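Each chain is listed here by its residues.
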Amino acid sequence: MTRTIKEETVSDRPWSSTAPAGEFQPYVPAEQKLAEFSVRAVVLGGLFGLLFGAVTVYVGLRAGLTVSASIPISVLSISILRAFGRSTILENNIVQTTGSAGESLAAGVMFTLPALIFLGFSSDFTFWRIFPIALLGGWLGVLFMVPIRRQLIVKEHGNLVFPEGTACADVLVAGERGGSFAGRVFWGLGLGGIYTFLMNTVQAWTGQPEARPGWFPGASFRMAITSEYLGVGYIIGPRVAGILFAGGIVSWLVMMPAIKFYGQLAGNTPIYPSTIPIPLMSPDQIWSSYIRPMGAGAVAASGLITLLRTMPTIISALRAGLKDVRTEGSSQTESSSRIDYEVPMRWVVGGSIVIVAMIWAVLTFFPIQGAQTQWYQNLFAAVFVVVFGFLFVTVAGRISGLLGNSSNPISGMSIATLMATCAIFFVAGWTSPRYAVLALMIGGAVCIAAAIAGATSQDLKTGYLVGATPFWQQMGLLVGVTVSTVAIGATLNLMNKGLTKYIPTTIPVSIQALPSGVKIERDSFVYQGKSYVLVNSLGSHEIPDGEYLYDAASKQIEYQWAQGIGSDKAPAPQARLMATVINGILNQRLPWRLVLMGVALVIAVEILGVRSLAFATGSYLSIATTGAMFAGGLIRWAVEATTKKKDESDASPGALFSSGLIAAGGVFGLLAIVLRVVADAAKPDSFLAQLPDWLAFGPKHWASVAFNEKLAMPTQAQSLLGILMFGLLAGSLFYFARKKLD
């Protein structure tokens, strides 16, 4: 089908995205043909997929949550395509559909696949391990949305509101009629970019002011003053940001001081899971050893509670989806109407079979070192992915329509998949580390498919409202998934390597008789020209969880190889939770008392009438993260109080400016990590160091500027300056949020 259709002018007739089912008409009538799946729309959408996929990974690994990219992409598309000549609303919709696939795919990937690191397979956490599972899971999510599109989007119009999809349609129509939103995004991108560059790259001030008062041992008052956290806090609003911060207060200002207080009685005896006596532990060590297991229990419990709460919706969604598959599968033909033309069912069935075969081939012929499984086990895993994938794609699509994509319980569905899979593995006796990896591959693919489905349903709703052709939207989604997978895999790999640290750690150990929970991961690992044995500890009572470099000459561990993902810079809470669930069921190695304390805390919060998922996430994350997001929530509250507008949409001035802040933090944060990698490459024995002197102000110069450990001012002055600059950035958000759009 060619797209050389003569462009026509869209009627200015009255139109409403919320018109009742019997009265609704799409903005572009079915009989009207406009340019849609054009080269420039697909290319621009692919570029946005790359950008927002990378930004979402960066922000999500740090903050533990994501925000929708559909509306920022829409407003940027309207502005950019208009600069290259007249564009149609359907072209802008294709840009938005293609670009937003990166954001939703990134959420599914980063929630699960980094668990490979925590399971002890960090050496194999490479781009080519991430890429195939992410790509196949994303394709599966797009294909499985095809048979239920008509039921959810068309027949349920008026019942399922699809809030993000409806808001995006309103933005596209407003842009078509002359509305201008992009300037506010660019202001946020510019100011946030300057702020982030000066803080992260030039290091003009510290990025995390902190105080540890001697009168409150075990506590730490800190805030990660980044532009992305400020923007995320504004978008999620004061209530959710406040609940997140409340979880951080309980962990950092109640539980940690209590552990420090009562831990004085332990003397010099370490208490599991820590291997350091409590009186000698810093707040970060207390958080890592004791608070994280509690937070993992809290997040798991809140995810399952969310899943149970939506169980009636899940059952009805599954019934409706299966019924619609039967009816559409038997009756769907090549529709004569443009707005009914979509991917044929035979493509869905054939594509699903191909994806099963490809998953089986990846697991069988390209296994992770030390995690090889039999061909029939891999076939079981591939079939499991399709079965659970269809179940949770159906559920995710309907819940997204009812409550919005932000309420899609992806983590809960992933935990349920992992628990069911691991329970089957446990009964079958498949409890070795290789089966933990197999379970993760199943859960990862299902989580990615569910994440894509939730966002895809919003995109398809936008297309239905504006009068897009479903077939071309589905093609755009497949393109967006394919392109953004490259950026997501590269960003995960970059962050893991760029934030890696080698921490001097002396632990005597016998390599011939390693403690329980400790294994040899690699026989030879070269660091600073010296060969070590790489060992991994997971659930050991003698060596803290992590990876270590063992020196055969000194017969002791000399360094901890601290991966970037899992550090305080990128804690990846959901991925660590997935590893905790898998390891706990298969190997029974969990600090259960701490986990159950987190479960009890969530139950108490639920009894108080507070939705616990945000609280649980806040209890797991650093208070530095939740504190900065709470500051953004307070700005939102102040704006609403002074403007008397209590219900800001995703296309409001403040939300658009915040989207720019988030994008700026992600882009320039990644730039800082790239410069860290360049700095490592600039060492005397590297290729970069051999470059000619005329490049002194090129890569070598910025590598020397980036991450200079010697700060020009004392720490206290750096902290005060950082607080002042963050206050000015918050002030700019308040100003632009109150200023009306042009």
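Just so you know, these numbers come straight off a predicted model, no measurement behind them.

Under the 1.5 Å per step criterion, the end-to-end length of helix 15 (residues 470-498) is 41 Å for 29 residues, consistent within 8% with the ideal 42 Å. For helix 15, the principal kink sits at Ser-484 and spans about 25°. With respect to burial, helix 15 is a largely interior element, 21 of its 29 residues being buried.

A side chain of one charge can pair with a side chain of the opposite charge when the charged atoms of the two come close. One pass over the structure, following the stated rule, counts eleven salt bridges. Across the pair Glu-558 and Lys-530 runs a salt bridge whose closest N-O atoms are separated by 3.7 Å. In this pair, Glu-558 sits in strand 7 (residues 556-562) while Lys-530 sits in strand 5 (residues 530-537), placing the two residues 28 residues apart along the sequence. With relative accessibility at 32%, the residue Lys-530 sits in the partly exposed group. Its salt-bridge partner being Glu-640, residue Arg-636 comes within 2.8 Å of it at the nearest N-O pair. One end of the pair is Arg-636 and the other is Glu-640, both in helix 19 (residues 623-643) and four residues apart, which spans about a single turn. Note on accessibility: Arg-636 and Glu-640 belong to one class, buried. Taken together, the shared-partner salt bridges connect Glu-210, Arg-212, Arg-222 and Asp-284 into one network.

Taken together, the side chains of Trp-375, Tyr-376, Leu-379, Val-383 and Val-387 make up a nonpolar region of the molecular surface, amounting to roughly 490 Å² of accessible area. Within the secondary structure, Tyr-376 sits in helix 12 (residues 375-403).

Before going further, it helps to examine the confidence of the model for the chain. The predicted model of the chain has a mean per-residue pLDDT of 81, with 84% of residues at 70 or higher. At the low end of the mean pLDDT range in the chain sits helix 21 (residues 699-705), at 46; at the high end sits helix 19, at 91. Low pLDDT, under 50, characterises residues 330-334; the stretch is placed with seven contacts to residues that sit more than four places away or in other chains. Below pLDDT 50 for its whole length, residues 685-714 participates in 42 contacts with residues either more than four positions away or in separate chains.

Inspection of every chain in the model, using the stated rule, returns 32 aromatic pairs. The interplanar angle of 65° and the centroid separation of 5.9 Å between the aromatic rings of Trp-347 and Phe-471 together place this pair among those described as edge-to-face. With Trp-347 in helix 11 (residues 345-365) and Phe-471 in helix 15, this residue pair connects regions lying 124 residues apart in the sequence. On the accessibility criterion, Trp-347 (42% relative accessible area) is partly exposed. On the accessibility criterion, Phe-471 (7% relative accessible area) is buried. Taken together, the ring pairs connect Phe-380, Phe-384, Phe-388, Phe-425, Trp-430 and Tyr-435 into an aromatic cluster. Just above the ring of Phe-118 sits the side chain of Arg-576; from NZ or CZ to the centre is 4.2 Å. One residue, Arg-636, lies across the ring of Tyr-234, its end atom 5.5 Å from the ring centre.

This brings us to helix 16 (residues 573-587). Given a rise of 1.5 Å per residue, 15 residues ought to cover 21 Å, and the 20 Å separating the end C-alpha atoms of helix 16 matches this to within 8%. Buried within helix 16 we find Pro-573, Gln-574, Ala-575, Leu-577, Met-578, Ala-579, Val-581, Ile-582, Asn-583, Gly-584 and Leu-586. Two residues or fewer past helix 16, Gln-588 is found with a positive phi of approximately 55°.

A few words now on the side chain of Ser-220. Inspection of the secondary structure assignment puts Ser-220 in the loop between strand 1 (210-211) and strand 2 (221-222). Given a relative accessible area of 0%, Ser-220 falls into the buried group. Only 2.8 Å separates the side chain of Ser-220 from the side chain of Glu-210, close enough to count as a polar contact. At 2.8 Å, the side chain of Ser-220 forms a polar contact with the side chain of Arg-222. With residues up to four places along the chain from it excluded, the contact list for Ser-220 reads Glu-210, Ala-211, Arg-212, Trp-252, Leu-253, Pro-283 and Ile-623.

Calculation notes
- Residues numbered from 1 in each chain as written.
- Predicted model: local features only at pLDDT ≥ 70, side-chain atom pairs only at ≥ 80, totals over all residues.
- Heavy atoms only, no water.
- Helix = DSSP H or I, 4+ residues; strand = E, 2+ residues; numbered from the N terminus.
- Expected span 1.5 Å × (residues − 1).
- Bend = angle between axes of the 7 residues up to and from the residue.
- Buried < 20%, exposed > 50% of the residue type's maximum accessible area, 1.4 Å probe, protein only.
- Salt bridge = Lys/Arg side-chain N within 4 Å of Asp/Glu carboxyl O.
- Patch = residues over 30% accessible without salt bridge, like charges linked within 9 Å, V, L, I, M, F, W, Y side chains within 5 Å.
- Areas by Shrake-Rupley, 256 points an atom, 1.4 Å probe, with all protein chains shown as cover.
- pLDDT = per-residue confidence, 0-100.
- Contact = heavy atoms within 4.5 Å.
- Phe/Tyr/Trp six-rings, centres within 6.5 Å; stacked < 30°, edge-to-face > 60°.
- Lys NZ or Arg CZ within 6 Å of the ring centre and 35° of its normal.
- Polar contact = N/O pair within 3.5 Å; in protein donor to acceptor, adjacent residues only side chain to side chain.

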